[in-house]
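Breakdown of the fold
Residue strings, one per chain:
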Protein chains: 2
Amino acid sequence: MTADFEAQLRAVSLRVTRPRLAVLAALRDHPHVDTDTVIRLVRADHPTVSHQAIYDVLRALTDAGLVRRIQPTGAVARYESRVGDNHHHVVCRSCGVIADVDCAVGSAPCLTASDDHGFVLDEAEVVYWGACPDCTTARTTSDPQGRKEAH
Amino acid sequence: MTADFEAQLRAVSLRVTRPRLAVLAALRDHPHVDTDTVIRLVRADHPTVSHQAIYDVLRALTDAGLVRRIQPTGAVARYESRVGDNHHHVVCRSCGVIADVDCAVGSAPCLTASDDHGFVLDEAEVVYWGACPDCTTARTTSDPQGRKEAH
DNA sequence: TCACTCTTCTGGAATGAATCAAGTTTTCAG
DNA sequence: CTGAAAACTTGATTCATTCCAGAAGAGTGA
């Protein structure tokens, strides 16, 4: 199983180290976790890994394209290892859980902004906000904000 | 001109104070600024306003729906006063400038995720990533990352 | 297999955005 | 005009993230 990760690292000419393999394994088993959780997960197997190493590894893997960094407004950075398959995220406003969502519309219309202001676009990122099933049933009576804003 | 802001505040039953009027004026004149810039802008007219007041005001206005908080991955929080008109943003990867973009597709398809996992969605937020005109011309030779990922 | 070199990791300190807390001032309803 | 709640000031604190210097480890060529 770690052989896959080793191959991934070598494919982007990154050195194969214990912390890097551990981070990749942690992200495979726990998608959408924040840095602190990654540190805890990695230390479960390798107690001596420094927090700085995790930050370095996450940055290196992100730069190499092996993991993706996501950061919904008002939350700390989270990482996931599912990359390159054009998917988006649903975020629960009350508990913060994140779930994957495949693109709603067909091929790649999201790259077509109505007016790109001369920007050269290379990616369109979509975040759906709402309430997860648990939080929805937990407060059936009131909707404190009651906002309803489409795209 | 401040009369408008006063009316806006009263409409959401917030008390009318100098710091709040100043923040609203600053955001009207400078969209997409971060908290620190808001502080500087406000202090240009009202030097005694504390940074804590700005944070409180921005939170109050955001909760009330008068301003919107945006936070592209890897950047500090920014605020804008244009709300309720369903628009998105283009962010330059190299210099960080933000521009407004009206929704690409028709009415409100973005609220329709392919699989909502039981979430009750209330908003879809889109961030377009790319290079602004200035940064595009500045580095015509190389594209260091070369990533190309559609939605 | 054995160094040699460059990358990566460790440990600790520092930065900076954002929040918390206590006390004072201001707004606004009555 | 007066009182109570909301908002603001000052100052300290938290927390995620980054910086730094030295030690350890990975990979290359002999």
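Everything numeric here is computed off the predicted structure, so don't read it as measured data.

Residues and elements named next belong to chain B. Between helix 2 (residues 18–29) and helix 3 (residues 35–45), the least distance of the axes is 9 Å, while the angle of their chain directions is 115°. The pairing of helix 2 with helix 3 is recorded here as roughly perpendicular in orientation. The handedness of the crossing between helix 2 and helix 3 is right-handed. Residues Ala 22, Val 23, Ala 26 and Leu 27 of helix 2 pack against Val 38, Leu 41 and Val 42 of helix 3. Each residue belonging to the contact of helix 2 with helix 3 can be placed in one class, and the counts come to seven nonpolar, no polar and no charged.

Turning next to the pairing of strand 6 (residues 120–131) of chain B. Most of strand 6 of chain B sits out of view: 11 of its 12 residues are buried. As judged from the 11 bridges shared by strand 6 (residues 120–131) of chain A and strand 6 of chain B, these two strands associate in the antiparallel manner. Counted as the bridge partner of Gly 130 of chain A is Leu 121 of chain B from strand 6 of chain B. Sheet topology places strand 4 (residues 87–92) of chain B next to strand 6 of chain B; four bridges connect them, and they run parallel. Within strand 6 of chain B, the position partnered with His 89 of chain B by the bridge is Val 127 of chain B.

What follows concerns helix 4 (residues 51–64) of chain B. An α-helical turn contains 3.6 residues, so any two residues separated by three or four positions project in the same direction. All names here are of chain B. The end-to-end C-alpha distance of helix 4, which contains 14 residues, comes to 20 Å, matching closely the 20 Å that a straight helix rising 1.5 Å per residue would cover. The complete set of buried residues in helix 4 reads Ala 53, Ile 54, Val 57, Leu 58, Ala 60, Leu 61 and Thr 62. Looking one or two residues beyond helix 4, the residue adopting positive phi is Gly 65, at roughly 90°.

If you look at the biggest cluster of nonpolar residues, it comprises 25 residues, and the most contacted ones within it are Leu 9, Val 23, Leu 27, Val 38, Val 42, Ile 54 and Leu 61 of chain A. When contributions to this core are tallied by element, the ones reaching two or more residues are helix 1 (2–11), helix 2 (18–29), helix 3 (35–45) and helix 4 (51–64) of chain A. Per-element tally for this core: the top contributor is helix 2 of chain A, with seven residues. With 23 residues, the next largest nonpolar core counts Val 23, Ala 25, Val 38 and Ala 77 of chain B among its residues.

All names here are of chain A. With four of five residues buried, strand 5 (residues 98–102) is to be regarded as a mostly interior element. By the bridge criterion, five bridges tie strand 4 (residues 87–92) to strand 5 in an arrangement that is antiparallel. Looking at strand 5, one finds that Val 91 is bridged to Ile 98. Adjacent in sequence and paired antiparallel, strand 4 and strand 5 are bridged by five residues, among which Gly 96 carries a positive phi angle near 85°.

This part is about the protein's contact with DNA strand C. Of all residues adjacent to DNA strand C, which total 23 residues, the nearest are Thr 17, Ser 50 and Ala 53 of chain A together with Arg 15 and Gln 52 of chain B. A breakdown of the atoms of DNA strand C within 4 Å of the protein gives sugar and phosphate a share of 69%. Within the side chain of Arg 10 of chain B, a nitrogen or oxygen atom sits 3.4 Å from a phosphate oxygen of DNA strand C. Elements with a minimum of two residues in the surface near DNA strand C: helix 2 and helix 4 of chain A together with helix 4 of chain B. Tallied by class, residues from the surface near DNA strand C come to nine nonpolar, eight polar and six charged.

Tallied over the full model, the rule gives 17 salt bridges over all chains. Between Arg 40 of chain A and Asp 36 of chain A there is a salt bridge; the shortest N-O distance is 2.9 Å. One end of the pair, Arg 40 of chain A, and the other, Asp 36 of chain A, are both in helix 3, four residues apart, so they sit about a helical turn from each other. A salt bridge links Arg 93 of chain B to Glu 123 of chain A, with the shortest nitrogen-to-oxygen separation between them at 2.9 Å. In this pair, Arg 93 of chain B is assigned in the loop between strand 4 and strand 5 (98–102) and Glu 123 of chain A in strand 6, connecting two distinct chains. On the basis of relative accessible area, Glu 123 of chain A is assigned to the buried category, the value being 10%. Through salt bridges with shared partners, one network takes in Arg 68, Glu 80, Asp 122 and Glu 123 of chain A together with Arg 93 of chain B.

Rules of the game
Residues numbered from 1 in each chain as written. Chains lettered and ligands numbered in written order. Predicted model: local features only at pLDDT ≥ 70, side-chain atom pairs only at ≥ 80, totals over all residues. Heavy atoms only, no water. Axes fitted to C-alpha atoms, helices over the stretch in contact; angles between N-to-C directions. Helix = DSSP H or I, 4+ residues; strand = E, 2+ residues; numbered from the N terminus. Parallel < 35°, antiparallel > 145°, perpendicular 65-115°, else oblique. Left-handed = near helix turned anticlockwise from the far one by under 90°. Contact = heavy atoms within 4.5 Å. Nonpolar A, V, L, I, M, F, W, Y, C, P; charged D, E, K, R; others polar. Buried < 20%, exposed > 50% of the residue type's maximum accessible area, 1.4 Å probe, protein only. Pairing = 2+ DSSP bridges. Expected span 1.5 Å × (residues − 1). Core = buried A, V, L, I, M, F, W, Y, C linked by side-chain atoms within 4.5 Å. Near = heavy atom within 4 Å. Polar contact = N/O pair within 3.5 Å; in protein donor to acceptor, adjacent residues only side chain to side chain. Salt bridge = Lys/Arg side-chain N within 4 Å of Asp/Glu carboxyl O.

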